[in-house]
Amino acid sequence: MDDNSIAYSEIELSPEEVLNEIGYGESHPDNEVMDVILQLLALLKREVQPRYVYLISDGRIEGTTAVHIQNHVLNTGPTISRLLEKSTSFAVFAATAGVEFERIIQEYKKTEDILVHYILDVIGTTVVEKAGDYLESKLEKNFPDMLHTHRFSPGYCNWHLTEQRKIFALLGNRPCGITLSDVCLMHPIKSISGIIGIGKDVQTKKYACQYCELETCYKRKK
Amino acid sequence: MESIDKLYEAILKGNLPLAVEMTKIAIEEKIDPKSIIDNYMSKAMDEIGSRFENGKAFVPELLMSARAMKGALELLKPLLVDNNIPRAGTIVIGTVKGDLHDIGKNLVASMLEGSGFEVINLGVDISSEKFIASVVEHKANILCLSALLTTTMNYMKEVIRAIETAGVRDKVKIMIGGAPINSAFAKEIGADGYSSNANAAVSLAKQLLAS
Ligand code: B12
């Protein structure tokens, strides 16, 4: 199992990435918004400690809706199973913006400024997504002659949220210090979990809106 | 009277210090507080809201306007009380038991406050007992429930059943929201309405109280 801290410099966020996550696209934010972003990013540099973990395991796709890994049957559902086709092994993973980031959020919640809370929240999302990208880049380094699929998570596409329990069991129950509550909420909040298929012949297509059933999503590409 | 046009601009641009200053001047000029709110402040909020809906403004700008509006409203509150002008209404809001997500709910709370509602924000992981106690204590007109996961949204149904059992269902409208919620779910569990974002939540709240 590969369980690691990520130096912040490896995933350092640019203001543009944060603006992009908010949804600005080509538009420009108010000066105050930009100031808040720059201030928070400077703070992040000093304090944040993202982490990732993955377990590489053999496995097989069973029927059209499940993946068998070690003694666990992951009921990934038809959509994700199809996207995992031809995988010869799997990376079961978790990643988090970290407990340090969670502490910063809790600290800032004591101030009343909702603008700062919101931007910090978006920054946390961007950090954990980049930690996920970093994890994928590590896979590429460690398996140079293999391809890998996009990352897929329980809670998406009929892969039930409660299946996170199996992922946590495979990862030793407290991967990167992340805990799982009885309703399958991860703590720290800015964390992700899931599976990546590895093989010489897998689909590398991005998971996109076309597969997702969340019709009310504000990020949905029209 | 110049101050009052600047007040509109201050709120639209989300400039809190300017909004406060202009409100003070408008009060000194003895402009009717209800007219300040209805004809200038709320109009600015409507404008930023419509820019948001049209993709010309984003969540941060919306929040800055709401913040400026809230600051200006604080100054007008005592005058509204003195003149017996009714407030928009009282709202209790919280994220349901088991769920710890709060940014979306806080955005909704801010926008509602910026629209003149009295908002009691209970926080996250709130049980039905706590919701009921707060609704009764504050004589709330609307209860807002938030959840971000399919595993926690079902608790909303429990809250609504408990409100019925407590005999207060006919005294309070119930609005729900959060990423996995949609209007079909709202209907199914007997809520009065759903909206997909904080801006739309304000119109929904106004609409529910008008009906
Ligand atoms: C960003 C994001 C993340 C980020 C940050 C998460 C966070 N909570 O901070 C990260 C990458 C960490 C993440 C992780 C996960 N996520 Co996620 N995530 C999202 C995403 C894209 C946006 C959520 C967000 O921050 N929105 C911005 C905030 C401001 O909006 P909001 O909270 O929804 O609130 C707005 C409205 O909903 C509404 N509203 C909210 N409350 C109320 C209340 C009332 C009364 C009203 C009227 C309106 C209202 O107004 C608010 C303001 O506009 C959503 C999809 C989506 N489009 O919503 C998925 C989503 C929430 N995630 C989902 C999932 C599955 C997960 C994971 C379980 C995946 C995994 N296994 O790794 C994890 C769980 C993390 C955990 N801690 O347990 C699912 C949840 C559905 C489900 N099955 O339960 C969603 C819906 C995606 C999907 N397509 O299905 N996620």
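For clarity, every value in this text was computed on a predicted model and none was experimentally measured. (Residues numbered from 1 in each chain as written. Chains lettered and ligands numbered in written order. Predicted model: local features only at pLDDT ≥ 70, side-chain atom pairs only at ≥ 80, totals over all residues. Heavy atoms only, no water.)

Asker: Outline the sheet that holds strand 4 (residues 173-177) of chain B, supporting the account with residue identities and numerical values.
Answerer: Residues and elements named next belong to chain B. Strand order in this open sheet of 5 strands is 2-1-3-4-5, and the pairing throughout is parallel. Every other strand in the sheet has two partners, leaving strand 2 (118-121) and strand 5 (193-194) as the edge strands with one partner each. Strand direction decides the pairing type here: strand 3 (residues 142-146) and strand 4, joined by 5 bridges, are parallel. Within strand 4, the residue paired with Cys144 across the bridge is Met175. Contacts between helix 10 (residues 198-210) and the sheet are confined to strand 1 (90-95), strand 3, strand 4 and strand 5, with strand 4 contributing the most and set at about 160 degrees to the helix. (Pairing = 2+ DSSP bridges. Helix = DSSP H or I, 4+ residues; strand = E, 2+ residues; numbered from the N terminus. Contact = heavy atoms within 4.5 Å. Axes fitted to C-alpha atoms, helices over the stretch in contact; angles between N-to-C directions.)

Asker: Please set out the site of the ligand residue by residue, giving values where relevant.
Answerer: In the vicinity of the ligand, 40 residues are found, and the nearest of them are Met186(A), Lys190(A), Cys217(A), His101(B) and Thr150(B). Chain contributions to the surroundings of the ligand come from chains A and B. Here Lys190(A) contributes a side-chain N or O atom positioned 2.5 Å from an oxygen atom of the ligand. One of the side-chain N or O atoms of His101(B) is found 2.9 Å from a nitrogen atom in the ligand. Residue assignment for the shell around the ligand shows that the elements contributing at least two residues are helix 6 (114-142) and strand 10 (191-199) of chain A together with helix 5 (103-113), strand 3, strand 4 and helix 10 of chain B. Residue classes in the shell around the ligand are distributed as 23 nonpolar, 15 polar and 2 charged. (Near = heavy atom within 4 Å. Polar contact = N/O pair within 3.5 Å; in protein donor to acceptor, adjacent residues only side chain to side chain. Nonpolar A, V, L, I, M, F, W, Y, C, P; charged D, E, K, R; others polar.)

Asker: Quick rundown of the environment of Leu83(A)? Include the residues and the values.
Answerer: Structurally, the position occupied by Leu83(A) is in helix 4 (residues 77-83). Separated by 24 residues in the primary sequence, Leu83(A) and Glu107(A) have C-alpha atoms spaced 41 Å apart.

Asker: Any details on the interface of chain A and chain B? Residues and values, ideally.
Answerer: Each side of the interface is counted separately: chain A has 26 residues, and chain B has 27 residues. For the pair chain A and chain B, the two sides together bury roughly 2100 Å², of which 69% comes from carbon and sulfur. The largest contributions to the chain A side of the interface with chain B come from Ile114(A), Tyr118(A) and Leu185(A), which together make up 27% of the buried area. Scanning the region where chain A abuts chain B turns up 3 salt bridges. Between Lys109(A) and Asp102(B) there is a salt bridge, with the nearest N and O atoms lying 3.2 Å from each other. Linking chain A with chain B are 6 residue pairs in polar contact (both at pLDDT 80 or more). Where the side of chain A that touches chain B is concerned, the elements lending two or more residues are helix 3 (31-47) and helix 6 of chain A. Sorting elements by how many residues they give to the side of chain A that touches chain B places helix 6 of chain A first, with 5 residues. Partitioned by chemical class, the residues of the side of chain A that touches chain B number 13 nonpolar, 7 polar and 6 charged. (Buried area = accessible area lost by both parts, 1.4 Å probe. Salt bridge = Lys/Arg side-chain N within 4 Å of Asp/Glu carboxyl O.)

Asker: Which residues make up the domain arrangement of chain B, and what are the values?
Answerer: Interfaces are often described in size by the accessible area the parts lose on coming together. Residues and elements named next belong to chain B. The domains assigned to chain B are domain 1 (2-82) and domain 2 (90-210). For domain 1 and domain 2, the distance between their C-alpha centres works out to 26 Å. Of the roughly 920 Å² buried where domain 1 meets domain 2, counting both sides, 65% is carbon and sulfur surface. Between the two partners, domain 1 and domain 2, sit 2 salt bridges. Among the salt bridges present, the one from Glu118 reaches Lys77, with a minimum N-O distance of 3.8 Å. (Domains from an automatic or database assignment.)

Asker: Before we move on, can you summarise the nonpolar core with the specific residues and values?
Answerer: The biggest cluster of nonpolar side chains holds 92 residues, and the ones touching the most others in it are Leu44(A), Tyr118(A), Ile119(A), Ile123(A), Ile11(B), Met41(B) and Leu112(B). Shared between two domains, this core takes at least three residues from each, and those domains are domain 1 (2-82) and domain 2 (90-210) of chain B. Look past the residues within four positions of Leu44(A) in its chain and what remains in contact with it is Tyr8(A), Leu13(A), Phe101(A), Ile123(A) and Val127(A). By size, the runner-up hydrophobic cluster in this structure holds 27 residues, among which are Val92(B), Ala147(B), Tyr155(B) and Ile181(B). (Core = buried A, V, L, I, M, F, W, Y, C linked by side-chain atoms within 4.5 Å. Buried < 20%, exposed > 50% of the residue type's maximum accessible area, 1.4 Å probe, protein only.)

Asker: Describe the sheet that holds strand 4 (residues 66-69) of chain A, listing the residues and the values that go with them.
Answerer: Residue and element names in this part refer to chain A. Overall, antiparallel pairing links the 3 strands, which are arranged 3-4-5 in an open sheet. In this open sheet, the two edge strands, each paired with only one partner strand, are strand 3 (60-62) and strand 5 (72-74). Each adjacent strand pair in this sheet contributes to an overall mean axis angle of 30 degrees, direction not counted. Examined bridge by bridge, strand 3 and strand 4 share 3 bridges and lie antiparallel to one another.

Asker: Can you break down the pairing of strand 3 of chain B residue by residue, with the values?
Answerer: Consecutive residues of a regular strand have side chains that alternate between opposite faces of the sheet. Residues and elements named next belong to chain B. Among the 5 residues that make up strand 3, 5 are buried, leaving the element largely enclosed by the rest of the structure. Taking every second residue as pointing to the same face, both faces of strand 3 are buried, with Ile142, Cys144 and Ser146 on one and Leu143 and Leu145 on the other. Where strand 1 lies against strand 3, 5 bridges are found, and the strand directions are parallel. Its bridge partner being in strand 3, Val92 is matched across the sheet by Leu143.

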